[in-house]
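# A closer look at the structure
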Amino acid sequence: MSNSFWILSWLPFKSENSISSFKEYFLLEVVSPIFNLSFFVLIASFTRPNSDLNTWVIGNSFLLSANLSLFRVGSIMVKERYNGRLETLIASPSSTFRFILANTIFPVIVSTITTIFGLQISSYFFSQSIHLSFSLFLIIISSMFSSVCFGLFLSNLAFITDSLNFLLNLFYYILLMFSGANFPISQLPHYLRFINDIIPLSHGITSAKLYLSNSNFKYQLFLELLVGIFYLNLTIFFSFFLEKKARQIGKLGSF
Amino acid sequence: MDNTNIITITDLTRIFKNKTGWFSPTEEVTALNNVSLKIKRGTIFGLLGQNGAGKSTTIKILTTLLLPTSGNVLIDDLDVTKDYKEIRKKINFIFGGEQGVYKRLTPLDNLIYFGNLYKVNTHTLKKRIPELLNQVDLYDVKDRLVENFSKGMIERLQIAKGLINSPSILFMDEPTIGLDALSVRKIHGLIKNLNDHGTTIVLTTHYLKEVEELCSSVAIINKGNLVAKGTPDEIIEKYATKGNDLESAYISIIKGDS
Amino acid sequence: MAFFQSIFYNVLLQFKMSLSRPMYRFTLIVSPIVNTMLIFEMFRKSNVSDAANYIVFGSGLMGLWSSITFSSIGDISRERYIGTLSTVYVAPLNFNLTIFYRIIGNTILSSMAFLISIISAHLFFKISMPIYHKYYFIISFIMIIVSFSIISMPISYLMLISRKSSLYMNMIEYPIFILCGFAFPTNKLPALIRFISYVLTPTWTTKLLHESLHKNLDIYQINHAFKETILLNLIYCLFILILWKHIDSQVRKNATLEVV
Ligand SMILES: Nc1ncnc2c1ncn2[C@@H]1O[C@H](COP(=O)(O)OP(=O)(O)OP(=O)(O)O)[C@@H](O)[C@H]1O
Ligand SMILES: [Mg+2]
């Protein structure tokens, strides 16, 4: 990858997440998700007293760091627009696609680190510690990749809607309900279960659970990657289409 | 000086469709109505008009950010609707105000970023960025965060950003809005200097003195219609009632039109 | 009388202001629905005896607190961002009163979350909540409104002195869910942490609510929870007075009302 690509990845990330201190990073990216996670794990410990809590620890640490990247990445375009930079982005000779792709790198890295942190700390508290192996690392990074791609897909909607924030929140709720992090999908009505298959994260969570129970996790891992690639392609397709639409209706500026 | 037209606008109309509520009917706003205009290569061209006249809309169409509803716009013989990718390589723009740059990065990082976005090669960038920073007087503060800058400093950074790809046409939408007298003078100096080096500049402004000082040619738009064009002197001669300045001419044009 | 009229007017104004914000409407309406569904699924097939209380009122309490953090507390960082915070701060209407009106308005409005939880539980899962003891229930509900209003006050103050308030806004939502026993009893918490629960009023109002919903009332428990609520609220009020003096001087010293 070219030097220029790294510059396009790093500088906007640095700017938007100018986490000025380690303390801030730690509070926002680690402590806050751990609170959320603890809440759900504690409910599980109350309602399912004899279960292995690691099931919930895994599901929620995936879910919560994916949520962080969903919001971070999902609002990229809104922020560009709000700050009056979207016009430059569009009018520059670089393709929007390049910009989009550049924006996956650091969010994936950060949310992978966050997941690992969350998993280690909370499994230590709630159950027996989870050992981080290469396979588990692969599962985490693939899940984060697919959620970031999903976030990018949503970010494109900034071209046509003003209420992206709703959509992001709505999709968080969808992940919360359908990713299988907090209760098995088999509890849901049949006609809703397909959602589990098409959202990011759910296969990753299943894969991680299978891995920890020493079963074959590779197929689910593969599905998770597939979901990510699907959303990436959709993003590319849409960004082209939406840019044109935006020029027609004049929604590039911030006002 | 080369006297060919670098921009040719023919019968340009732009209509916005606004929806005010979910169930209310769409309302149409004609931001530009049958505007025809030619801009000569190497000039500083001023676009004047009341708030909402359609100046920014014109600039956005010229910078390929907005599609015309009808009409024809050529930049260097390239069509803004079809050949926008080619056009984008030759132009750049600055929208006044404090937006458009990364506030939480330094000017240096901003220019590196936009340089890469404009696909300027690294070798050229290494040379050009310090030059630009010097030119806009920001070299000494190149490592400070932009969020601590004054409006004037941000505007100068915008100019450096606008020049990062050495455009042959630079569009500026109200480049001196809200700046103090000295900052304005500095920016005027920069604009003249650029123009001396061959860059065509198209700017909009509400300051008529600015137009008199900078522009060799102007157009006045009122409610989407082109109502006057020519050199400032021609316009003053034709329209000025009291006094002998552009302001008087401008006021009588706008009043006469409504 | 004029005083009450002014409260009424300002609270009404706050209703309008909050409701005009699409994101607030979203939080107020959608989050209790999702919480109800999620908590229901998590409690499904469990042996918890008063599961229905946790599902319906737990998600109601969560919705209430989320809406409060979004409105009463979040407003401060939003206003700082759009630049109106300093105007509100120096305006002739006493700033404490402004905040107080807002908090009351938002808390009352946000308590709609309960209604939404009750309706969704009934609609989706056919859970109905019989209320055996109307008056106890009403009293505990009023205590919830009062206590949540009072606890929002010092948190709002703290938001004033930090530019990073949106960061901290994220940090106060779930800890309250956890510490105050919204969806599981506080005895699930480690003893050390349970200690913090006991000094938070929502813990006691939640307990009061749960107790008042039982068919056979345990008057001793109710009395205990009620007394604790009153006592803690008084202590909070005292604390608010002291804190305000400190905050007021800090705010002007560090100029934290505006973003830089
Ligand atoms: N994206 C848009 N959607 C709908 N209407 C728009 C849009 N952009 C501009 N307009 C309308 O088009 C008209 C012209 O606007 P424009 O921004 O071009 O004015 P302007 O001359 O730049 O004014 P100002 O001096 O205030 O900047 C206005 O009536 C404006 O409301
Ligand atoms: Mg304008």
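Check the entry above for the structure.
Residues numbered from 1 in each chain as written. Chains lettered and ligands numbered in written order. Predicted model: local features only at pLDDT ≥ 70, side-chain atom pairs only at ≥ 80, totals over all residues. Heavy atoms only, no water.

### Here's the deal with unusual backbone geometry
Using the following cut-off: Each helix is a run of H or I in the DSSP string that is no shorter than four residues. Each strand is a run of E no shorter than two, and both are numbered from the N terminus.
At Asp76(B), a position not held by glycine, the phi torsion is positive, near 55 degrees. With respect to the helices and strands, the residue Asp76(B) is situated in the loop between strand 4 (70-75) and strand 5 (78-79). In the Ramachandran plot, Lys126(C) falls in the positive-phi region, its phi being about 55 degrees despite a non-glycine side chain. Checked against the element boundaries, Lys126(C) lands in the loop between helix 6 (112-125) and helix 7 (134-160).

### Quick look at the site of ligand 1
Put simply, the rule reads: Neighbouring residues are identified by heavy atoms, a residue being near a molecule or strand if any of them is within 4 Å of it. Throughout this description, a polar contact denotes any pair of N or O atoms lying within 3.5 Å of each other; where both atoms belong to protein, one of them has to be capable of donating a hydrogen while the other can accept it, and for residues adjacent in sequence the pair is counted only when both atoms sit in side chains. In these tables, accessible area is a Shrake-Rupley quantity obtained with a 1.4 Å probe, and a residue counts as shielded only by the protein chains included in the view.
Close to ligand 1 lie 15 residues; Asn18(B), Gly52(B), Lys55(B), Ser56(B) and Thr57(B) are nearest. Surrounding ligand 1 is a set of residues that belongs to chains A and B. Between ligand 1 and Gly52(B), the relevant distance is 2.7 Å, taken from an oxygen atom to a main-chain nitrogen or oxygen of the residue. Computed on the free molecule, ligand 1 has an accessible area of 630 Å², of which 70% lies beneath the protein chains in the complex. At the level of secondary structure, the elements contributing two or more residues to the shell around ligand 1 comprise strand 1 (5-19), strand 2 (26-40) and helix 1 (55-62) of chain B. It is helix 1 of chain B that contributes the most residues to the shell around ligand 1, three residues altogether.

### As for the side chain of Thr176(B)
All names here are of chain B. Selection rule: We call a residue buried when its accessible area falls under 20% of the maximum for its residue type, exposed when it is over 50%, and partly exposed in between, using a 1.4 Å probe and counting protein chains only. Here, two residues are considered to be in contact whenever any of their heavy atoms come within 4.5 Å of each other.
Checked against the element boundaries, Thr176 lands in the loop between strand 7 (169-173) and helix 6 (181-196). According to the relative accessible area criterion, Thr176 is buried, its value standing at 1%. In this structure the side chain of Thr176 is engaged in a polar contact, spanning 2.6 Å, whose partner is the side chain of Glu210. What Thr176 contacts, discounting residues up to four positions off in sequence, is Val184, Ile187, His188, Tyr207 and Glu210.

### Description of helix 8 (residues 232-239) of chain B
Residues and elements named next belong to chain B. Quick note on the threshold: The arc under discussion is defined with respect to the helix axis, by the directions toward the C-beta atoms.
Pro232, Ile235 and Ile236 are the residues of helix 8 that are buried. Angular distribution of buried residues about the axis of helix 8 spans 100 degrees; they occupy a single face of the element. Of the residues in helix 8, the exposed ones pointing more than 90 degrees away from the buried face are Asp233, Glu237 and Lys238. The secondary structure elements touched by the buried residues of helix 8 are helix 7 (208-214), strand 9 (217-222), strand 10 (225-230) and helix 9 (246-257).

### Observations regarding the interface of chain A and chain B
Formally: Throughout, buried area stands for the accessible area (probe radius 1.4 Å) lost by two parts on being put together, summed over both. By definition, a salt bridge exists where a carboxyl oxygen of Asp or Glu is found within 4 Å of a side-chain nitrogen of Lys or Arg. Amino acid classes used here: Ala, Val, Leu, Ile, Met, Phe, Trp, Tyr, Cys and Pro are nonpolar; Asp, Glu, Lys and Arg are charged; the rest, including Gly, are polar.
Across the contact, 34 residues belong to chain A and 30 residues belong to chain B. In total, about 2900 Å² of surface goes out of reach between chain A and chain B, with carbon and sulfur atoms giving 58% of it. Sorting the residues of chain A by area buried against chain B places Thr88(A), Pro93(A) and Arg247(A) first, and these three jointly supply 25% of that buried surface. Along the contact surface separating chain A from chain B lie two salt bridges. Across the contact surface, chain A and chain B share eight residue pairs in polar contact (both at pLDDT 80 or more). Top contributing element to the side of chain A that touches chain B by residue count: helix 1 (residues 3-16) of chain A, with nine residues. Within the side of chain A that touches chain B, the residues separate by chemical class into 13 nonpolar, twelve polar and nine charged.

### Observations concerning the sheet that holds strand 9 of chain B
Residue and element names in this part refer to chain B. Here is the rule we go by: For two strands to count as paired, DSSP must find a minimum of two bridges between them. Interaxial angles span 0 to 180 degrees and are taken between N-to-C directions of axes, which are lines fitted to C-alpha atoms, for helices over the stretch in contact.
With respect to topology, six strands assemble into an open sheet ordered 6-7-8-3-9-10, the strand pairing being mixed. The open sheet has two edge strands with one neighbour each: strand 6 (91-95) and strand 10. Put simply, the sheet's adjacent strands are angled 15 degrees from each other on average, direction ignored. Pairing between strand 9 and strand 10: five bridges, direction antiparallel. Pairing of Ile220 across the sheet is with Ala228, part of strand 10. This element, helix 5 (residues 151-162), spans strand 6 and strand 7 of the sheet and lies at about 170 degrees to strand 6. Sitting on the sheet, helix 9 touches strand 3 (44-49), strand 9 and strand 10, and the angle it makes with strand 9 is about 30 degrees.

### Focus on the pattern of salt bridges
This structure, assessed with the given rule, holds 15 salt bridges over all chains. In this structure, Glu80(A) and Arg85(A) form a salt bridge, with 3.1 Å as the shortest nitrogen-oxygen distance. Across the pair, exposure class does not vary: Glu80(A) and Arg85(A) are buried alike. One salt bridge connects Glu147(B) with Arg104(B), and the closest N-O pair in it is separated by 3.8 Å.

### A closer look at the environment of Arg247(A)
By the secondary structure assignment, Arg247(A) is in helix 11 (residues 218-249). Taking the relative accessible area as the measure of exposure, Arg247(A) reaches 2% and is therefore buried.

### What about the pairing of strand 8 (residues 200-204) of chain B?
Within a regular strand, side chains alternate between the sheet's two faces. Residues and elements named next belong to chain B. Quick note on the threshold: Call a crossover right-handed when, viewed with both strands pointing away from you, the route from the first strand across the helix to the second goes clockwise.
With respect to burial, strand 8 is a largely interior element, five of its five residues being buried. The alternating pattern of strand 8 places Thr200, Val202 and Thr204 on one face and Ile201 and Leu203 on the opposite face, and all of these are buried. As paired strands, strand 7 and strand 8 are joined by five bridges and run parallel to one another. Residue pairing for strand 8: Asp173 is matched across the bridge by Thr204. Tracing the backbone out of strand 7, into helix 6 and back to the parallel element strand 8 gives a crossover that is right-handed.

### Thoughts on the packing of aromatic side chains
Condition: Pairing of aromatic rings covers Phe, Tyr and Trp, the last through its six-membered ring, and needs centres within 6.5 Å; plane angles under 30 degrees mean stacked, over 60 mean edge-to-face, and all others mean tilted. Only Lys NZ and Arg CZ are tested; either one counts as a charge over a ring when it is within 6 Å of the ring centre and within 35 degrees of the ring normal.
Considering all chains together, one arrives at 41 aromatic pairs over all chains under this definition. Seen from their ring centres, Tyr24(C) and Phe70(C) are 6.4 Å apart, and the 35 degrees between their planes marks the pair as tilted. Pair noted here: Tyr24(C) is in helix 2 (residues 22-43) and Phe70(C) is in helix 3 (residues 51-82), with a separation of 46 residues, a long-range link. What links up through ring pairs into an aromatic cluster is the set Phe39(A), Phe40(A), Trp65(C), Phe148(C), Tyr174(C), Phe177(C), Phe182(C) and Phe184(C). A cation over a ring is seen here: Lys142(B) above Tyr139(B), with NZ or CZ 4.6 Å from the ring centre. Lying across the ring of Phe114(B), Lys161(B) places its NZ or CZ 4.8 Å from the centre.

### Considering the pairing of strand 9 of chain B
All names here are of chain B. Across the six residues that make up strand 9, a large majority, six, are buried. Of the two faces of strand 9, the one lined by Ser217, Ala219 and Ile221 and the one lined by Val218, Ile220 and Asn222 are each fully buried. Where strand 3 and strand 9 come together, five bridges link them in parallel fashion. Residue pairing across strands places Phe45 opposite Ser217, the latter belonging to strand 9. Counted along the chain from strand 9 to the antiparallel partner strand 10, the turn is two residues long, and its residue Lys223 has a positive phi close to 45 degrees.

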